Amino acid sequence: MTDWITQLMQQGSYLAAAALMFLENLFPPIPSEIVMPLAGYIAERDGKSLILMILAGSAGSLIGALFWYYVGVYIGLERLKAFSRKYGRLLTLTPGEIDTADRWFDTHGGKAVFIGRLIPGVRTFISVPAGISGMSLPKFLTYTSAGTLLWTALLAIAGWYLGQNYDAVKGWLSPVSNVVMAAIVIWYVYRVLTFRRTIRKEDAKGGKA
């Protein structure tokens, strides 16, 4: 994977950075933690514009984020709740929890999108709840663009200044990404195993109401 990314970046520069960052949002195994430091390193080595490299990577990433946003818009809140009623264990969310999450996202969604775009493993899919909750496109674009630009700039600048030692960035960020992904998997398994208990609690609260 790393060798393929390196070869593509060597040949395409700006366009390759945009394409790889777009694919990174569709297929998380393509890591931005490798793409953008390498983009910064190539910009420094070949005398290319670091700003254009950052903008290219950000543009590709933003297009990928829009894809997932519209997936969320298509799913919608009611369709998600209907799916939860039938296949709640797979989703690990009950209809009641979906309503609660939707209310929370209505209040804090902008901050969630911005921060989510800075977290490996989360940044790809944070766009889905934004679409599901009905966040307006201008608001979504504002927050996701800010988070995306900051993330790609930090990685590219690190690659620019570290030069041939840009692997040090990858060496530090890759374990962080792995820890985040492992935590997400563990949390998902826990939610699957305790799903019936959550449903019983929700039903009990509904009965008391």
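Residues numbered from 1 in each chain as written. Predicted model: local features only at pLDDT ≥ 70, side-chain atom pairs only at ≥ 80, totals over all residues. Heavy atoms only, no water.

1. Examining the packing of aromatic side chains
Operational definition: Planes of paired rings set the category: under 30 degrees apart is stacked, over 60 is edge-to-face and the rest tilted, where pairs are Phe, Tyr or Trp rings (Trp by its six-membered ring) whose centres lie within 6.5 Å. Residue exposure (1.4 Å probe, protein chains only): buried if accessible area is under 20% of the type maximum, exposed if over 50%, otherwise partly exposed. Per the convention used, a helix needs a DSSP run of H or I reaching at least four residues, while a strand needs a run of E reaching at least two, with both numbered from the N terminus. In our convention, an over-ring charge means Lys NZ or Arg CZ found within 6 Å of a ring centre and within 35 degrees of that ring's normal.
On inspection of all chains with the given rule, the structure shows three aromatic pairs. Note on Tyr-69 and Tyr-70: the rings are 5.2 Å apart at their centroids and 80° apart in plane angle, and the pair reads as edge-to-face. For Tyr-70, a relative accessible area of 43% puts it in the partly exposed group. Consider the rings of Tyr-69 and Phe-140, whose centres lie 4.5 Å apart with planes at 20°: the pair is stacked. Residue Tyr-69 is located in helix H4 (residues 50-75), and its partner Phe-140 is located in helix H8 (residues 137-162); the two are separated by 71 residues in the primary sequence. By relative accessible area, Phe-140 is classed as buried at 0%. Arg-79 extends its terminal NZ or CZ atom over the ring of Tyr-74, reaching a point 4.5 Å from the ring centre.

2. Some thoughts on the pattern of salt bridges
Quick note on the threshold: Every case where a carboxyl oxygen of Asp or Glu lies within 4 Å of a side-chain nitrogen of Lys or Arg is listed as a salt bridge.
Using the criterion set out here, one finds one salt bridge in the structure. For Asp-46, the salt bridge goes to Arg-45, with nearest N and O atoms at 2.8 Å. The partly exposed category is assigned to Asp-46, whose relative accessible area is 38%. On the basis of relative accessibility, which here comes to 38%, the residue Arg-45 falls in the partly exposed class.

These figures capture arrangement, not role.
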